[in-house]
Amino acid sequence: MRAYEMSSADGLDSWRLAERTQPEPGHGQVLVRMHAASLNYRDLLIANGQYPFAVNLDRLIPVSDGAGEVVAVGPGVRRFAGGERVAGIFSQSWLGGAQVADMWQTALGGAVDGVLAEFQVFSEEGLVALPDHLSFEEGATLPCAAVTAWNALYGAKPLKAGETVLTLGTGGVSIFAIQLAHAAGARVIATSSSDAKLEKAKGLGADETINYREHPDWEKEVRRLTGGVGVDHVVEIGGTGTLPRSIASTRPGGHVGLIGLLAQGEPIDPLAILGGSCLVRGVAVGSREMFEDMNRVIALHAIKPVIDRTFGFDAAKQALAALGEGAHVGKIVVAIA
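Reading the values: rules and limits
- Residues numbered from 1 in each chain as written.
- Predicted model: local features only at pLDDT ≥ 70, side-chain atom pairs only at ≥ 80, totals over all residues.
- Heavy atoms only, no water.
- Helix = DSSP H or I, 4+ residues; strand = E, 2+ residues; numbered from the N terminus.
- Phe/Tyr/Trp six-rings, centres within 6.5 Å; stacked < 30°, edge-to-face > 60°.
- Buried < 20%, exposed > 50% of the residue type's maximum accessible area, 1.4 Å probe, protein only.
- Pairing = 2+ DSSP bridges.
- Right-handed = clockwise from strand over helix to strand, strands pointing away.
- Axes fitted to C-alpha atoms, helices over the stretch in contact; angles between N-to-C directions.
- Parallel < 35°, antiparallel > 145°, perpendicular 65-115°, else oblique.
- Contact = heavy atoms within 4.5 Å.
- Salt bridge = Lys/Arg side-chain N within 4 Å of Asp/Glu carboxyl O.
- Expected span 1.5 Å × (residues − 1).
- Arc of directions from axis to C-beta.
- Polar contact = N/O pair within 3.5 Å; in protein donor to acceptor, adjacent residues only side chain to side chain.

1. Quick notes on the environment of Arg59
So, step 1. Within the element layout of this structure, Arg59 appears in the loop between α1 (41-47) and β4 (65-73).
So, step 2. Sequence separation between Arg59 and Glu124 is 65 residues; the distance between their C-alpha atoms is 24 Å.

2. A look at the packing of aromatic side chains
So, step 1. Across all of its chains, the model carries seven aromatic pairs by this definition.
So, step 2. Seen from their ring centres, Tyr4 and Phe313 are 5.2 Å apart, and the 80° between their planes marks the pair as edge-to-face. With a gap of 309 residues between them, Tyr4 in strand β1 (residues 2-5) and Phe313 in the loop between β14 (307-312) and α10 (316-325) connect regions that are remote in the sequence.
So, step 3. Here the aromatic rings of Phe53 and Trp104 are separated by 3.9 Å at their centres, their planes lie at 0°, and the arrangement is stacked. Linking Phe53 in the loop between α1 and β4 with Trp104 in the loop between β5 (85-88) and β6 (119-123), this pair joins segments that are 51 residues apart in sequence.
So, step 4. Among the residues examined, Phe53 registers a relative accessible area of 38% and is labelled partly exposed.
So, step 5. Among the residues examined, Trp104 registers a relative accessible area of 18% and is labelled buried.

3. Considerations on the pairing of strand β11 (residues 231-236)
So, step 1. A large share of β11 lies buried, amounting to six of its six residues.
So, step 2. Pairing of strand β8 (residues 164-168) with β11 involves three bridges; the strand directions are parallel. Along β11, the bridge assignment pairs Val165 with His233.
So, step 3. In this sheet, strand β12 (residues 250-258) lies alongside β11 in parallel orientation, the contact comprising five bridges. What sits directly across from His233, in β12, is His255.
So, step 4. Crossover connection from β11 via helix α7 (residues 243-248) to parallel β12: handedness right-handed.

4. Considering the packing of helix α3 (residues 142-154) against helix α9 (residues 288-300)
Angle between the axes and distance between the axes: these two values describe a pair of packed helices.
So, step 1. Packing of α3 against α9 brings their axes to within 10 Å, and their N-to-C directions diverge by 90°. What the angle tells us is that α3 and α9 run roughly perpendicular. Contact residues: α3 offers Leu142, Pro143, Ala146, Val147, Trp150 and Asn151, while α9 offers Met290, Phe291, Asp293, Met294, Asn295, Val297 and Ile298.

5. Focus on the pairing of strand β10 (residues 208-211)
So, step 1. Inspection of the sheet shows strand β9 (residues 187-192) paired to β10 by four bridges, in the parallel sense. Bridge pairing links Ala190 to Thr209 in β10.

6. Observations concerning unusual backbone geometry
So, step 1. Residue Val63 is not a glycine yet carries a positive backbone phi of 80°.
So, step 2. Secondary-structure assignment places Val63 in the loop between α1 and β4.
So, step 3. Overall, the relative accessible area of 0% leaves Val63 in the buried class.
So, step 4. Despite not being glycine, Ala302 has its phi angle at roughly 50°, a positive value.
So, step 5. As for its placement among the helices and strands, Ala302 is situated in the loop between α9 and β14.

7. Looking at the pattern of salt bridges
So, step 1. Here the structure, examined in full by the defined rule, presents 17 salt bridges.
So, step 2. The residue Arg2 makes a salt bridge to Glu118 at a minimum N-O spacing of 3.3 Å. Here Arg2, found in strand β1, pairs with Glu118, found in the loop between β5 and β6; they are 116 residues apart in sequence, far enough to count as distant.
So, step 3. As a salt-bridge pair, Lys220 and Asp217 come within 3.8 Å of each other at their nearest N and O atoms.
So, step 4. Overall, Lys220 belongs to the exposed group, its relative accessible area being 55%.
So, step 5. Taking the relative accessible area as the measure of exposure, Asp217 reaches 34% and is therefore partly exposed.
So, step 6. Each of Glu5, Arg20, Arg59 and Asp113 takes part in one network of salt bridges that share partners.

8. Digging into α9
So, step 1. Its 13 residues give α9 an end-to-end C-alpha distance of 18 Å, which sits within 8% of 18 Å, the value for a rise of 1.5 Å per residue.
So, step 2. Taken residue by residue, α9 has Arg288, Met290, Phe291, Met294, Asn295 and Ile298 as its buried positions. Buried residues along α9 cover an arc of 145° about the axis, so they all sit on one side. Residues of α9 that are exposed and point over 90 degrees away from its buried face: Arg296 and Leu300.
So, step 3. Contact partners of the buried residues in α9: β5, β7 (127-129), α3 and α4 (172-183).
So, step 4. Once α9 ends, the next one or two residues include Ala302, with phi positive near 50°.

9. Focus: the side chain of Asp232
So, step 1. Within the secondary structure, Asp232 sits in strand β11.
So, step 2. A polar contact of 2.5 Å, which involves the side chain of Asp232, links it to the side chain of Arg251.
So, step 3. Excluding residues that lie within four positions of it along the chain, Asp232 makes contacts with Glu163, Thr164, Arg251, Gly254 and His255.

Below you can see the structure in the form of C-alpha cells.
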C-alpha cells in the first residue's frame, strides 16, 4: 500500500510518500480501506516541529482524521463487520468519561500512526460508525474538529437552547461550533477578519457577526450585542492573543472552551477570570462517547460539514500548504481512494 511517512519535522518536506506492507488485523482489530482524510492545524504544528505533545517520528503516518470502509476484521471483533463505513477516534484510548491519562500517547498521527494511508488497522474500540447521509470526505472531517467543538459546547457546562455562543474565526472547529450551536437553538455570534467569510458563517447559522479588523476591541461589540450581559459560551481558538477578550466577552458564570494556540499575546491575568467569575477550561478533542453523541445530532439535523477544498492523495503536501495559508472556511480534505 501507499502511505505518507514522517521521520523528521522539516515542514512540507517531512511528508514523504512511501510503499509499505499492507497491515493485517489481529485479535480485536479492524482493517479499514481509507477513503479520505482531513487536515487540522495540529498537522502543521507536527510537521514544523512545534507540537507540544507526544510525537513519534519513526516513519510516522501523519494526520488524525480519516474515514473509510471496513474490509476485514480480526478474531473476536463484535462491533463492526465488513462493508461498514467508519471513522477513527482521535485518541484511541479515550472511550468515555473524563479525559484519560494516556490520551496523548494514543493520539493518531502524533504518538501513533495516523490515517494518511490507503489502509490502516484500528482496534474495534477506536472506531465509530459514520452518519448515513455523509460522504467519506465529509465523515473524515469529524474526529478532531467536530468533536472538539462538541466538547467545548457540551463537555463541562452543556449548552442550552436560547443561550449565546461566541465563535472565533472560520476554521474547522469554529464552523462546526456554529452549526452545532445553531442546531441546539442557541444564538451565535461569529467573528472573522473577512466579510466574505462572515457571510458564509451567517448561511451556516450565525445570527450576528463581527469583523475584528473593523472592531479591534471586539469584546466591546460582543457586550453591545448582548445588552452588556456577555455570552454564555466562547469557543476560544486563539490562545493568549485572544483569551483576554474572550473572557471579557463572557457573562458571569459563563464558559470559555480553550482550544487553540493560533494567536500570540501576553500571558493572561488571572484577575480577569476571578473578576468575571467565568470557567476557563482546556478542551482536548474528546472521547468516543462524545463522538457518538455528536453523530446522533448530526444525523438528526442532517448537518453537512463544510469542505473548502479537496486534494488528491498525491497532492497531500499541497493540501498541507493550503492549510498553512489560512484562507479556507471549514475543512481541507485529502481524497485517498
